[in-house]
Amino acid sequence: MRIALFITCVNDTLFPRTGQAVVRLLERLGHEAVFPTEQTCCGQMHFNTGYRRDAQKLAVRFVRTFADHDVVLAPSGSCAAMIRDNYARLGRTGSRLERAAAEVAPRVLDLSELLVDVLGVTDVGAYFPHRVAYHPTCHGMRLLGLGDRPTRLLRAVRGLELVELADAEECCGFGGTFAVKNPDVSAAMGWDKARNVAATGAEVLCAVDNSCLMHIGGTLRRQRSGVRVMHLAEILASTEKEPAR
Amino acid sequence: MSGTFLGMPAFPTAAESAVADPQLRHNLRKATRTIRRTRRTVVGEVDDWAGLRAAGAAIKDRTLRHLDRHLERLEEAVTAAGGHVHWAADADEANAIVTGLVRATGESEVVKVKSMATQEIGLNEALAAAGITAYETDLAELIVQLGEDRPSHILVPAIHRNRAEIREIFLRTMADWGVPAPDDLTDDPRALAEAARRHLRDRFLTTRVAVSGANFAVAETGTLVVLESEGNGRMCLTLPETLISVVGIEKLVPTWQDLEVFLRLLPRSSTGERMNPYTSMWTGVAPGDGPREFHLVLLDNGRTDVLADEVGRQALRCIRCSACLNVCPVYERTGGHAYGSVYPGPIGAILTPQLRGTASEVDASLPYASSLCGACFEVCPVAIDIPEVLVHLRERVVEQGGRPGERAVMAAASWAFGDERRLGWAQRTAGGARSLVPRRLPLGPAVAWTDTRDLPEIPPEPFRDWWARREKEDGR
Ligand code: SF4
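Going by what an unreviewed UniProt entry lists, chain B is known as Lactate utilization protein and is assigned to Thermobifida halotolerans.

Per an unreviewed UniProt entry, the recorded name for chain A is (Fe-S)-binding protein, and the organism is Thermobifida halotolerans.

Here is the structure:
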């Protein structure tokens, strides 16, 4: 299958390894990944902070860029949710944006949805001999309703030991500009999350959103906990021949 | 809204000290987690909670759409049952009406059953200014009043206090207000409740005027409904000669039958009970039974403005169950006082800026007092999409000027994202300067970040450059 990648601005700029892992994984499974180069950002940050007009422009750019693709993979739960839940609301009723958004929105998928629902695989042939905790991110869990798809994928990874994370469903406190606007509360939430992660004894914390991982990972590093953070795609791309670093 | 909240700092500042208070954090964490757990259990027992929730939302929406008609019907029914209806456009008007009604009785003391509407309008302060003392009779509300404190939770206003603190407050203050606390008072919950009961008993038997709120007002019959756990409310509603109820205009349900849905939704969502211990209902006056005079003050105080906002009006569905507070990770770490309003937590963050407007610092900061995690929406028994309203109100704040620094950052991001070449250029610039970015920053907006977290390392090559290189190498 030919799958269009929406790598997202944060992944593109700060976490290119996630995008590369997605490409390796999809190609290993026999699919073709394409990267429409006109893509930039879904507009989530602008939208969530109250800058609606800027978000609208980015939404228009997005729907134009991906109009001709049947399946769009966004390896970021919150960006996928932004497009699926909010794009239609961004355009006025009956507007061209509203119609285009309604068309493109259901085709935008998170990695775990693409693998489990569309490609029909849970065992992707990965090998990752480490103890892993999974954090189900708010948008992945509540807006996309990913359910147990990510953990099913992780359980099928050879060598991987999945450990239980206490208060897993609680927000890590990142929340985009929330982390900057309410630094004390955000940090307090992050510290509680990091403490729960460290208590699992895991070597790696996994999620489907690098923004949350950046926040939790930065806290874990400051606490010198020794726990690394990794996007689900990186673990699934890992094999014996090409182990994830 | 209540004068006690005027001049509050913006949420992030108010939250700072709360977050740093380990006792407060401990009290809140313990209390909210306990309620959360019981709520989850009893909600799980209902066969079709989702259907019930949808019904609750639908009834409220339907009512709000024709609120004017239902209000007129309520007025007719209350009047026909021997009550008096007063209309108050704002807090001052409502306070003047209640003060006048109490004065007319010749009394200078009133008992109160917990009412958010009267807190919203600052009734106790207004009465005090007129020489009338208001005694709170709800246990948690009594603790707040005796401690000269402010409520911090919709349902458990003294949630921020633990047992030891409550014992200390009772011992220190009860004697000044009436029946003193026993000298050997312990911090056993039962002993504390008993001390409060004795303190209040005398009050109920001697006070001739009561002020209440209401959870619901049934338009077709003119019936008012109060749900409570202690029975103190029932004493207030039945013993005094004059009863004055201050009720927000959104509390209406059209028919008696509509109540059924809410009597199931509310206790389970709020206290985690299958049914609440005391449900009191009264319709006008009944000779020889209960108060001889009944006044209903219908309060607008910004509610018609909220009604006019298509997105924001869903906040008026709220039945004040406080479930959203109990699941909110932000509330759990800041407590209610940081919200600078009678309505704290997620519902406060959307209701307060709508009722008061977003002109002041604190009101403009409230729509941002959320990480948009969505837990509040998930739990709300009338399906208020709180994150949606938060973002909607953020747009309003931005439209009225926003923060210049933030504006500049957003404009720069917009510019870079407006075209993939600009984005690539920005990425390469950042990548080129990667060795210059330290783990901790001394200045700028990212300081707050690096105070407690490390920044991620900027990679040498963004994804798009890696992709282009790969395409070229593959000779595609
Ligand atoms: S917004 Fe919903 S959850 Fe929060 S208090 Fe109101 S009804 Fe309850």
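### Quick notes on the site of the ligand
Around the ligand, a shell composed of B:Cys318, B:Ile319, B:Arg320, B:Cys321, B:Ser322, B:Ala323, B:Cys324, B:Ile347, B:Cys380, B:Pro381, B:Val382 and B:Ile384 is seen. Counted by class, the shell around the ligand contains ten nonpolar, one polar and one charged residues.

### Concerning the side chain of B:Ser365
All names here are of chain B. You can see Ser365 is positioned in helix 17 (residues 361-365). Among the residues examined, Ser365 registers a relative accessible area of 7% and is labelled buried. Among the polar contacts listed, one links the side chain of Ser365 to the backbone nitrogen of Phe11, at a separation of 2.8 Å. Beyond its immediate sequence surroundings of up to four residues, Ser365 is in contact with Ala10, Phe11 and Pro12.

### A closer look at the domain arrangement of chain A
Residues and elements named next belong to chain A. Here the domain parsing of chain A yields domain 1 (2-117) and domain 2 (120-237). Using only C-alpha atoms to locate each centre, domain 1 and domain 2 end up separated by 21 Å. Taken together, the contact between domain 1 and domain 2 spans 30 residues of the former and 27 residues of the latter. Carbon and sulfur atoms supply 60% of the area buried between domain 1 and domain 2, which totals about 2400 Å² over both sides. Its largest share of buried area at the contact with domain 2, domain 1 owes to Arg28, Leu115 and Val116, together 21% of the area lost on that side. Viewed at the interface, domain 2 and domain 1 are joined by two salt bridges. Here Glu234 ties to Arg17 by a salt bridge, and the two come within 3.7 Å at their closest N and O atoms. At the boundary of domain 1 and domain 2, one finds 16 residue pairs in polar contact (both at pLDDT 80 or more).

### Some points on the sheet that holds strand 3 (residues 72-73) of chain A
Residue and element names in this part refer to chain A. If you walk across this open sheet you meet the four strands as 2-1-3-4, and the pairing is parallel. Both edges of this open sheet fall to strand 2 (32-34) and strand 4 (108-109), since each of them pairs with a single strand only. The sheet contact formed by strand 3 and strand 4 spans two bridges and is parallel. Bridge assignment links Leu73 to a residue of strand 4, and that residue is Leu109.

### Notes on the side chain of A:Thr40
Its place among the elements puts A:Thr40 in the loop between strand 2 and helix 3 (44-49). Within the local environment of A:Thr40, its side chain forms a polar contact with the backbone oxygen of B:Phe417, the two atoms lying 2.7 Å apart. When residues no more than four places from it in sequence are discounted, the contact partners of A:Thr40 are A:Phe6, A:Thr8, A:Cys9, A:Leu58, A:Arg61, B:Phe417, B:Asp419, B:Glu420, B:Leu423 and B:Arg464.

How each quantity is defined
For every chain, the first residue of the written sequence is number 1, and numbering continues from 1 onward in sequence order. Chains and ligands are labelled by the order in which they are written, letters from A for the one and numbers from 1 for the other. The predicted origin of the model limits local features to residues at a pLDDT of at least 70 and limits the giving and counting of side-chain atom pairs to 80 or more, whereas totals for whole chains, interfaces and linings rest on all residues. Hydrogens and waters are ignored; side-chain quantities use all the structure's heavy atoms. By convention in these notes, a residue is near a molecule or strand provided one of its non-hydrogen atoms lies within 4 Å of it. Residues are grouped as follows: nonpolar covers Ala, Val, Leu, Ile, Met, Phe, Trp, Tyr, Cys and Pro; charged covers Asp, Glu, Lys and Arg; every other residue, Gly included, is treated as polar. Secondary structure counts use DSSP, requiring at least four H or I residues in a row for a helix and at least two E residues in a row for a strand, with both numbered from the N terminus. The buried label goes to any residue with under 20% of its type's maximum accessible area, the exposed label to any with over 50%, and the partly exposed label to all in between, with areas taken from a 1.4 Å probe on protein chains only. The term polar contact refers here to a pair of N or O atoms within 3.5 Å; inside protein, the definition further demands a hydrogen-donor-capable atom paired with an acceptor-capable atom, and it admits residues adjacent in sequence only when both atoms are side-chain atoms. Throughout, a contact is declared for two residues whenever any of their heavy atoms are within 4.5 Å. Domain start and stop positions are those given by an automatic or database domain assignment. As used here, buried area is the combined drop in accessible area, with a 1.4 Å probe, of two parts when they are placed together. A side-chain nitrogen of Lys or Arg and a carboxyl oxygen of Asp or Glu constitute a salt bridge if their distance falls within 4 Å. Pairing between two strands is assigned when DSSP locates at least 2 bridges connecting them.

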